[in-house]
Amino acid sequence: YYDTAGVEVLYMMESDTIPLARDWLDDLVDAKEALRPFSVAGSRYSGYKWKFAYKRDLLKKSLLYHLNGNAMYNLSAPLVLSALSKFDVEEWETVLHSSFDVQFAEVVYDEESGVDTPEEAEQAFGYKQTATMQRGLREVEKRRHTAPM
């Protein structure tokens with residue numbers, strides 16, 4: 001579908017997210033333009049799961065540095081196209097795997113990629129963390145997760 005829809009950038013908003021900022025979608029469109037070029041643009045996961053983890057240094061980089069699922073995906077970027085070409089609905093439903101947002105990070109921070117830091121991820125893959133960037137995306141990130149902890 002994504003190949004025929006004429007869509008260049010897809011914004012994925014997780015189902016447990018409610019935008020709270022006024023005009024958040026307009027701000028997101030502005031942020032999309034300001035962030036170019038990118039493959040995936042969003043904020044780094046900052047939830048409770050890794051924040052106080054015992055022995056954080058033992059966690060894989062893909063868990064520590066993955067962008068949360070609320071992100072923009074450039075449907076023409078090699079990283080995104082590669083991920084989409086490997087996606088199999090039947091396998092997704094039957095085989096144990098990481099969540100889709102962590103799967104992107106697993107590709108980016110794979111041992112073969114040689115990427116060790118978020119800065120290297122941006123340079124090599126266009127995998128951009130935007131938590132401290134301009135107002136557009138910062139306003140969009142003023143949202144509330146409603147999933148139970």
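Before any of the text, the structure's been laid out above.
This is a predicted model, so every value here is computed, not measured.

So what's going on with the packing of helix H4 (residues 78–86) against helix H6 (residues 100–108)? Residues and values would help.
Running from N to C, H4 and H6 cross one another at 115°; their axes reach a closest spacing of 11 Å. Remark: the crossing between H4 and H6 carries right-handed chirality. In contact with Leu79, Val80 and Ala83 of H4, H6 contributes Phe104, Val107 and Val108.

Kindly report on the sheet that holds strand E4 (residues 67–74), identifying the contributing residues and their values.
Judged by pairing direction, the sheet is mixed, and its 4 strands sit side by side in the order E1-E4-E3-E5 without closing on themselves. The outermost strands of the open sheet, each flanked by one partner alone, are strand E1 (9–12) and strand E5 (127–129). Between one strand and the next, the sheet's axes are offset by a mean angle of 25°, whatever the strand orientation. Bridging between strand E3 (residues 40–44) and E4 involves 4 bridges; their strand directions are antiparallel. By the bridge assignment, glycine 42 is partnered in E4 with alanine 71. Against the sheet, H6 makes contact with E1, E3, E4 and E5, and its axis sits at roughly 70° relative to E4, the strand it touches most.

An account of the packing of aromatic side chains is requested, with residue identities and associated values reported.
As enumerated under the stated definition, the model contains 5 aromatic pairs in all. When the centroid spacing of 6.3 Å and the interplanar angle of 50° are considered together, the rings of tyrosine 11 and tryptophan 24 count as tilted. Of this pair, tyrosine 11 sits in strand E1 while tryptophan 24 is found in helix H1 (residues 24–35), placing the two residues 13 residues apart along the sequence. An angle of 45° between the planes, with centres 5.4 Å apart, marks the rings of tyrosine 65 and tyrosine 109 as tilted. Of the two residues, tyrosine 65 sits in the loop between helix H3 (61–64) and E4 while tyrosine 109 sits in the loop between H6 and helix H7 (118–125), which places them 44 residues apart along the sequence. Classification of tyrosine 109 by relative accessible area gives buried; the value is 9%.

Definitions and cut-offs
- Residues numbered from 1 in each chain as written.
- Predicted model: local features only at pLDDT ≥ 70, side-chain atom pairs only at ≥ 80, totals over all residues.
- Heavy atoms only, no water.
- Axes fitted to C-alpha atoms, helices over the stretch in contact; angles between N-to-C directions.
- Helix = DSSP H or I, 4+ residues; strand = E, 2+ residues; numbered from the N terminus.
- Left-handed = near helix turned anticlockwise from the far one by under 90°.
- Contact = heavy atoms within 4.5 Å.
- Pairing = 2+ DSSP bridges.
- Phe/Tyr/Trp six-rings, centres within 6.5 Å; stacked < 30°, edge-to-face > 60°.
- Buried < 20%, exposed > 50% of the residue type's maximum accessible area, 1.4 Å probe, protein only.

Everything listed here is a matter of coordinates, which is why it stays silent on function.
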